[in-house]
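# Summary of the model geometry
Spelled out, the chains give:
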Amino acid sequence: MSAPLPSAFRCGYVAILGAPNAGKSTLLNRLLGMKIAITSKRPQTTRTRILGVVQRPGAQMILLDTPGIHQARGPLNTRIVAAALTAMEDVDLLLWLVDAERPDPEAEGFLLERLPSAGPPVLLAINKIDRVAKAQVLPLIDAWRRRHPFAAIVPISARYGTQLEALEEEMTRLLPEGPALFPEDQVTDQPERVIVTEMIREKVFRLTGAEIPYSTAVTVEQFKARPDRALIDIHATIHLERDSQKAIVIGKGGAKLRQIGEAARMDIQRLLGAKVFLKLFVRVQKNWTRDAKAMERFGYP
Ligand SMILES: Nc1nc2c(ncn2[C@@H]2O[C@H](COP(=O)(O)OP(=O)(O)OP(=O)(O)O)[C@@H](O)[C@H]2O)c(=O)[nH]1
Ligand SMILES: [Mg+2]
């Protein structure tokens, strides 16, 4: 007796879209089993498209994490949202993430209008179901089903890993047959030093308040590994828009900056699998979020 034929390998690009704070980056990290995308409880954490390759026995899913889609105000946010909308082009599948607990009608309406009528299938994941009563889930699915002909709707919790096998199954089913496009051991196309800048930006996001996170950009000036990679020397700069912000980020006697540096160093060590020496500088680049040249220099195309 012959064994049943294995089903064909599937591979394709999946854009993860949704309102700010829906949990897109959390989901990417969860599916990858490692942290490459930064997350925070504030909206508009992600600023660029982040690629992660999820490798499974029968499939390779190339995920694009995108900035939250919203009606942008200001030049920086306009660029950021444009980056998210561009990610919708030329993918094999759109994975739209919505927040079960806190819908965002403005962003959802905005995105609903922009879903291509002819184009890749749209898979809806209703995230954060850990935050709502079980009895609310089915009515939510029904309500969403009436809004758009989704290829499938899966309730999940990205943070706790609930129902992610079901989600992966639907994703795989909706991807085209074809060979892997990335090597088996590749996780992302982002250079290590770019992820390092993001890890530092995340700590500023999480450890400072008010407008500081949105006025922050990070660059890495030095990234030097000792020959055996036993220690990596990193010098990075936190750029802010105003002198008053610089004082806050440095903190009393440098305490805030030390806290940011220490938290970032832990994440970076985990990412690089090596001991890290991290030196942080703080600089003011007046109103950089309105300056096209500065935005480009800081990696926002
Ligand atoms: N309770 C709960 N919280 C979640 C879940 N998924 C994500 N979160 C939280 O929601 C917040 C936003 O998560 P992110 O992954 O940064 O959201 P995002 O969609 O990438 O946000 P932007 O990059 O700003 O567009 C964080 O505090 C996460 O911990 C979930 O399934 N359940
Ligand atoms: Mg994000």
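Just so it is clear, the model here is predicted, and its values are computed rather than measured. The numbering scheme is per chain: residues are counted from 1 as the chain's sequence reads. As they are written, the chains are lettered A onward and the ligands numbered 1 onward, keeping that order. In keeping with the predicted nature of the model, local features appear solely for residues at pLDDT of at least 70, side-chain atom pairs appear and are counted solely at 80 or more, and the whole-chain, interface and lining totals rest on all residues.

## Some remarks on the domain arrangement of the protein chain
Where each domain starts and ends follows an automatic or database-derived domain assignment. Taken domain by domain, the protein chain holds domain 1 (10-174) and domain 2 (192-297). For domain 1 versus domain 2, the distance between C-alpha centres works out to 28 Å. Counting from both sides, the interface comprises 10 residues of domain 1 and, opposite them, 12 residues of domain 2. Here the contact rule is simple: place C-beta atoms from the backbone, and any two residues whose C-beta atoms are within 7 Å are in contact.

## Side note on the site of ligand 1
Of all residues adjacent to ligand 1, which total 24 residues, the nearest are G23, S25, T39, T46 and G68. Classification convention: Asp, Glu, Lys, Arg as charged; Ala, Val, Leu, Ile, Met, Phe, Trp, Tyr, Cys, Pro as nonpolar; all other residues, Gly among them, as polar. Its residues placed into classes, the shell around ligand 1 shows five nonpolar, 13 polar and six charged. Only the C-beta atom, placed from the backbone, is used; a residue is near a molecule or strand if that atom lies within 6 Å of it.

## Structural notes on the sheet that holds strand β1 (residues 10-18)
Pairing is mixed in the open sheet, where six strands are placed in the order β2-β3-β1-β4-β5-β6. Edge strands, defined here as strands with exactly one partner in the open sheet, are β2 (50-56) and β6 (152-155). Each strand of the sheet is rotated relative to its neighbour by a mean of 25°, with strand direction disregarded. Strands are treated as partners if at least two bridges between them are detected by DSSP. The helix count covers DSSP runs of H or I at least four residues long, the strand count covers runs of E at least two residues long, and both are numbered beginning at the N terminus. Of the strand pairs in this sheet, strand β4 (residues 93-99) and strand β5 (residues 122-127) are connected by six bridges, and their pairing is parallel. Following the sheet pairing, L97 is matched in β5 by A125. Against the sheet, helix α4 (residues 134-147) engages β5 and β6, with an angle of about 155° to β6. For helices, the fitted line uses only the C-alpha atoms of the stretch in contact; every axis is such a line through C-alpha atoms, and the angle between N-to-C directions lies from 0 to 180 degrees.

## Things to note about the sheet that holds strand β9 (residues 275-284)
Taken in spatial order, the three strands make up an open sheet running β7-β8-β9, and their pairing is mixed. Strand pairing shows two members of the sheet lacking a second neighbour, β7 (217-225) and β9, which therefore form its edges. Strand-to-strand, the axes of this sheet are offset by a mean angle of 20°, without reference to chain direction. Most of the contacts of helix α6 (residues 192-207) go to β7, to which it runs at about 130°, and overall it touches β7 and β8 (231-240). Packed on one face of the sheet, helix α7 (residues 243-250) meets β8 and β9 and runs near 155° to β9.

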